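# Per-entry structural report
As a plain string of letters, each chain reads:
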Amino acid sequence: MTDDVRAIAQRMYEAFNTRDLTAAETIFSTDFVSHPLGTVGIESVVKAWSGLHTMFPDIQVIVEDMLVDADKAAVRTTLHGIPAGIEEQAPPSMMEIFRVQDGRIAELWGVSSLNRSGR
């Protein structure tokens, strides 16, 4: 199961980075819950991704660390492609925890430095 959890997490970041919004249908469960956004469903993922891609057309999420245990993955990422003047010395970062069920991401918890710096 650990390899499956790692693979689906990596697939999610790849889909985000390549702007493959249709991949969300196979990555997230239909009743996916984003605890930070307080949203439910795949369409909420597509809306959030689209908003970030519109705001930051060159954004890329780079996985720095990934720890997997049973049905969960904890991932530390950095966000690149944030325009000059917004990005500080270090790129913004995120910490996310995913729970995978039946081969799809069912829940997400996370925090981002993007929101804390007034971006």
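Computed from a predicted structure; not experimentally measured.

## Details of the layout of surface pockets
What the largest pocket holds in volume is close to 690 Å³. For the lining of the largest pocket, the secondary-structure elements that each account for two or more residues are helix H1 (2-17), strand S1 (28-34), helix H3 (42-55), strand S5 (93-101), strand S6 (104-112) and helix H4 (113-116). In terms of residues, the lining of the largest pocket owes the most to one element, H3, which gives 7 residues. Among the residues forming the lining of the largest pocket, the class breakdown is 22 nonpolar, 7 polar and 2 charged.

## Things to note about the pattern of salt bridges
For side chains bearing opposite charge, pairing can occur when the charged atoms are close. Considering all chains together, one arrives at 3 salt bridges under this definition. For the salt bridge of Arg-99 with Glu-107, the shortest nitrogen-to-oxygen distance reads 2.6 Å. Grouping residues by exposure puts Arg-99 and Glu-107 together as buried.

## Details of the packing of H1 against H3
In the contact formed by H1 and H3, the axes pass within 10 Å of each other and the chain directions differ by 45°. When the axis of H1 is compared with that of H3, the two are oblique. Note on element contacts: H3 touches H1 through Trp-49, Leu-52 and His-53, opposite Met-12, Ala-15 and Phe-16. Along the lines of polarity and charge, the residues of the contact of H1 with H3 split into 5 nonpolar, 1 polar and no charged.

Rules used throughout
- Residues numbered from 1 in each chain as written.
- Predicted model: local features only at pLDDT ≥ 70, side-chain atom pairs only at ≥ 80, totals over all residues.
- Heavy atoms only, no water.
- 1 Å grid on protein atoms, 1.4 Å probe; cavity = no way out; pocket = protein on both sides within 12 Å on 5 of 7 lines; lining within 4 Å.
- Points joined across faces, edges and corners; volume = space filled by probe spheres on them.
- Helix = DSSP H or I, 4+ residues; strand = E, 2+ residues; numbered from the N terminus.
- Nonpolar A, V, L, I, M, F, W, Y, C, P; charged D, E, K, R; others polar.
- Salt bridge = Lys/Arg side-chain N within 4 Å of Asp/Glu carboxyl O.
- Buried < 20%, exposed > 50% of the residue type's maximum accessible area, 1.4 Å probe, protein only.
- Axes fitted to C-alpha atoms, helices over the stretch in contact; angles between N-to-C directions.
- Parallel < 35°, antiparallel > 145°, perpendicular 65-115°, else oblique.
- Contact = heavy atoms within 4.5 Å.

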